[in-house]
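Working through the structure, step by step
Chain by chain, the residues run as shown.
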Amino acid sequence: MNWKMGVIGFGNMAQAMIGGWIKSGAIDKNDVYVCAAHYDKLCRSAEKYGVHPCRTIAEVCEKSDMILLAIKPYQMEKVIPEVKEMLKDKVVVSVVSSWMFDRMETVLCGGTHHISTCPNTPVAVCEGIIIVQDKHSLSDDEYTTLMNLLNQIALVEVMDEQHIGIGGTLSGATPAYAAMFIEALGDAGVKHGLTRAQAYRLAAKMIQGTGKLYLEEGNHPGAMKDAVCSPGGITITGVEALERNGFRFAVMDAINACQAKKM
Ligand SMILES: NC(=O)c1ccc[n+]([C@@H]2O[C@H](COP(=O)([O-])OP(=O)(O)OC[C@H]3O[C@@H](n4cnc5c(N)ncnc54)[C@H](OP(=O)(O)O)[C@@H]3O)[C@@H](O)[C@H]2O)c1
């Protein structure tokens, strides 16, 4: 199934996903129709990706089989009722936070084929994570086509509504913390004489490589840490310093804070 793809809300997340799909060759940019609130700004971002800017949501719907819904959560109750008739015959894929299947049913027409997801920004370089809700109303063929598309840009995890919140925090918020870790390592590298560009490059590649090592070999993270710490060595001295400063608690506390804020 080759979909013409429509995008309602061509902001950061939609651009990351469309950019990833174009980069991976999963979609043809000529098959993508996008709209947003401000047309002039939309034209500039559409030009960057080579996709078609549309003046209205109706135009996007007319030209597309699948609609990626990527507006802000608070805009849903205003935007969707105006266009729900047009979405009825489309496959609607939402990335809108906290709009899971049951809540989507309250604003869409009955019988609309829809699914809720939660992506993170590394989808832009085809190294993302996309959490997909297990409850959806896509046909088997539509679901298979969507999964094939999502797999081109991300590790896909299917979850129930109860776990999507924490899954989304662990994958969606944490790129900010990983970037902070890279920045901190960069500062440390600079303090000890590396150039900033070199230090950031080393830190970023280390995070990418450590993640890949885990995903490919599946060793316990504690064992991965132990494998780098020789007795009486340099690395274990750094581990002790991190523990003295509450490194692991700081990480867990950040996730707790995100979850508390979502309540
Ligand atoms: N960013 C993330 O890391 C992330 C992660 C997971 C999920 N999400 C979800 O993705 C969604 C989009 O987030 P974002 O970060 O991409 O936000 P964003 O950059 O602000 O993009 C929102 C887009 O919606 C457009 N828009 C506003 N009103 C509209 C209307 N009436 N009709 C059509 N388009 C309209 C905006 O247009 P203008 O720019 O012209 O105003 C903009 O293109 C949110 O629901 C968020 O929860 C984001």
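The model shown is predicted, which means the values in this text are computed figures rather than measured ones.

1. Structural notes on the domain arrangement of the protein
Under the domain assignment used here, the protein contains domain 1 (5–159) and domain 2 (167–262). When each unit is reduced to the centre of its C-alpha atoms, the spacing between domain 1 and domain 2 is 32 Å. Domain 1 puts nine residues into the contact, and the matching count from domain 2 is five residues. At the level of secondary structure, the elements contributing two or more residues to the side of domain 1 that touches domain 2 comprise β7 (128–133) and β8 (154–159). Tallied by class, the residues present in the side of domain 1 that touches domain 2 amount to five nonpolar, three polar and one charged.

2. Focus on the site of the ligand
Near the ligand you find 28 residues, and of these Gly9, Gly11, Ala36, His38 and Ser97 are the closest. Elements represented by at least two residues in the shell around the ligand include exactly α1 (12–24), α2 (39–49) and β6 (113–119). Broken down by element, the residue count for the shell around the ligand peaks at three residues, all from α1. Classifying every residue of the shell around the ligand gives 17 nonpolar, nine polar and two charged.

3. Things to note about the packing of α1 against helix α6 (residues 140–153)
Where α1 meets α6, the closest approach of the two axes is 9 Å, and the angle between their N-to-C directions is 90 degrees. Compared by their axis directions, α1 and α6 come out roughly perpendicular. Listed contacts from α6 to Met17, Gly20, Trp21 and Ser24 of α1 are Leu149, Gln152 and Ile153. The class makeup of the residues in the contact of α1 with α6 is four nonpolar, three polar and no charged.

4. Let's talk about the nonpolar core
Grouped together as the largest cluster of nonpolar side chains are 54 residues, with contacts concentrated most on Val7, Val34, Leu68 and Leu69. It is α1 that provides the largest number of residues to this core, a total of six residues. Residue contacts for valine 7: discarding those within four places in its chain leaves Ala14, Ile18, Val32, Val34, Val60, Leu68 and Ala70.

5. Details of the pairing of strand β2 (residues 32–35)
Across a regular strand the side chains alternate sides, sitting on one face of the sheet and then on the other. Residues Val32 and Val34 point to one face of β2 and Tyr33 and Cys35 to the other, with burial holding for every one of them. Pairing of strand β1 (residues 5–8) with β2 involves four bridges; the strand directions are parallel. Opposite valine 7, over in β2, you have valine 34 as the bridge partner. What joins β1 to β2 is α1, and the crossover it makes is right-handed. Bridging between β2 and strand β3 (residues 52–53) involves two bridges; their strand directions are parallel. Counted as the bridge partner of valine 34 is proline 53 from β3.

6. Things to note about the sheet that holds β6
Within a sheet, each strand pairs with its neighbour through backbone hydrogen bonds, oriented either parallel or antiparallel. Across the sheet, which stays open at both edges, the eight strands sit in the order β3-β2-β1-β4-β5-β6-β7-β8 with mixed pairing between neighbours. Unpaired on one side and paired on the other, β3 and β8 mark the two borders of the sheet. The sheet contacts of helix α7 (residues 161–191) involve β6, β7 and β8, and relative to β7 the element is tilted by about 170 degrees.

7. Description of the environment of aspartate 134
Relative to the elements of secondary structure, aspartate 134 occurs in the loop between β7 and α6. Each C-alpha atom, one on aspartate 134 and one on serine 45, is 32 Å from the other, the two residues being 89 residues apart in sequence. For aspartate 134, the contacting residues outside a window of four places in its chain are Val158, Met159 and Asp160.

8. Comments concerning unusual backbone geometry
For serine 98, which is not glycine, the phi torsion reads 60 degrees and is therefore positive. Following the sequence through the fold, serine 98 ends up in the loop between β5 (91–94) and α5 (101–105). Notably, cysteine 126 is not glycine yet its phi reads approximately 60 degrees, a positive angle. Within the fold, cysteine 126 resides in the loop between β6 and β7. With 17 C-beta atoms packed within 10 Å, cysteine 126 lands in the partly exposed category.

Definitions and cut-offs
Residues numbered from 1 in each chain as written. Predicted model: local features only at pLDDT ≥ 70, side-chain atom pairs only at ≥ 80, totals over all residues. Domains from an automatic or database assignment. Contact = placed C-beta atoms within 7 Å. Helix = DSSP H or I, 4+ residues; strand = E, 2+ residues; numbered from the N terminus. Nonpolar A, V, L, I, M, F, W, Y, C, P; charged D, E, K, R; others polar. Near = placed C-beta within 6 Å. Axes fitted to C-alpha atoms, helices over the stretch in contact; angles between N-to-C directions. Parallel < 35°, antiparallel > 145°, perpendicular 65-115°, else oblique. Core = buried A, V, L, I, M, F, W, Y, C linked by C-beta atoms within 7 Å. Buried ≥ 20, exposed ≤ 12 C-beta atoms within 10 Å, placed from the backbone. Pairing = 2+ DSSP bridges. Right-handed = clockwise from strand over helix to strand, strands pointing away.

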